[in-house]
Amino acid sequence: MIGRRMPARARAAYNSEMNAARTTADAEARWRHLERAHIISQPWPWPHTRNHIAMFALAIAQRDRREAFGQIIRIIVAAPGSALGRYPEGNTGRATIPLTQPQPVPEDLAALLAD
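Quick look at the structure, then.

What counts, and where the lines are drawn
- Residues numbered from 1 in each chain as written.
- Predicted model: local features only at pLDDT ≥ 70, side-chain atom pairs only at ≥ 80, totals over all residues.
- Heavy atoms only, no water.
- Patch = residues over 30% accessible without salt bridge, like charges linked within 9 Å, V, L, I, M, F, W, Y side chains within 5 Å.
- Areas by Shrake-Rupley, 256 points an atom, 1.4 Å probe, with all protein chains shown as cover.
- Salt bridge = Lys/Arg side-chain N within 4 Å of Asp/Glu carboxyl O.
- Helix = DSSP H or I, 4+ residues; strand = E, 2+ residues; numbered from the N terminus.
- Buried < 20%, exposed > 50% of the residue type's maximum accessible area, 1.4 Å probe, protein only.
- Contact = heavy atoms within 4.5 Å.

Side note on a nonpolar patch on the surface
Turning to step 1, where the next piece is worked out: A cluster of nonpolar side chains, Phe69, Ile72, Ile73, Ile76, Val77 and Leu99, forms an exposed patch at the surface whose accessible area comes to about 520 Å².
Turning to step 2, where the next piece is worked out: Along the chain, leucine 99 falls in the loop between α4 (65-83) and α5 (107-114).

Considering the pattern of salt bridges
Once their charged atoms are close, side chains differing in charge can pair, the charge on each being opposite to the other.
Turning to step 1, where the next piece is worked out: Applying the stated criterion to the full structure yields four salt bridges.
Turning to step 2, where the next piece is worked out: A salt bridge links arginine 36 to glutamate 17; the nearest nitrogen and oxygen atoms lie 2.8 Å apart. In this pair, arginine 36 sits in helix α2 (residues 27-41) while glutamate 17 sits in helix α1 (residues 8-23), placing the two residues 19 residues apart along the sequence.
Turning to step 3, where the next piece is worked out: In this structure arginine 36 comes out as partly exposed when scored by relative accessible area, which is 23%.
Turning to step 4, where the next piece is worked out: Here aspartate 108 ties to arginine 36 by a salt bridge, and the two come within 2.5 Å at their closest N and O atoms.

Observations concerning the environment of alanine 79
Turning to step 1, where the next piece is worked out: You can see alanine 79 is positioned in helix α4.
Turning to step 2, where the next piece is worked out: Under the relative-accessibility criterion, alanine 79 is labelled partly exposed at 27%.
Turning to step 3, where the next piece is worked out: Residues alanine 79 and tryptophan 44 lie 35 residues apart in sequence; the distance between their C-alpha atoms is 7.6 Å.
Turning to step 4, where the next piece is worked out: With near-sequence residues (within four places) excluded, alanine 79 lies in contact with Pro45 and Thr49.

Quick look at the structure:
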């Protein structure tokens, strides 16, 4: 959302998920944290784009070409989609999920984003 700052609670949750993704040794846990950070970040252009950049870096580190290519596309569309309010709510941001497919938002994140 252009000109609207991420609320403090959402920013703290986003930063917590991004930090957990960076520090955990388990690859699947890293993806889960990035997916949760993605859901939180969707309404805000820069955090949303930053999240896809982190997903791209993880895909490269894992030598996952399909995921890396999918993240390149998502990096390109993340900021404009967020700025225009056109993003699939709840989508985890992974290349295994269609780019425009909404998904259920986990209850804890739905409550956080409703504030």
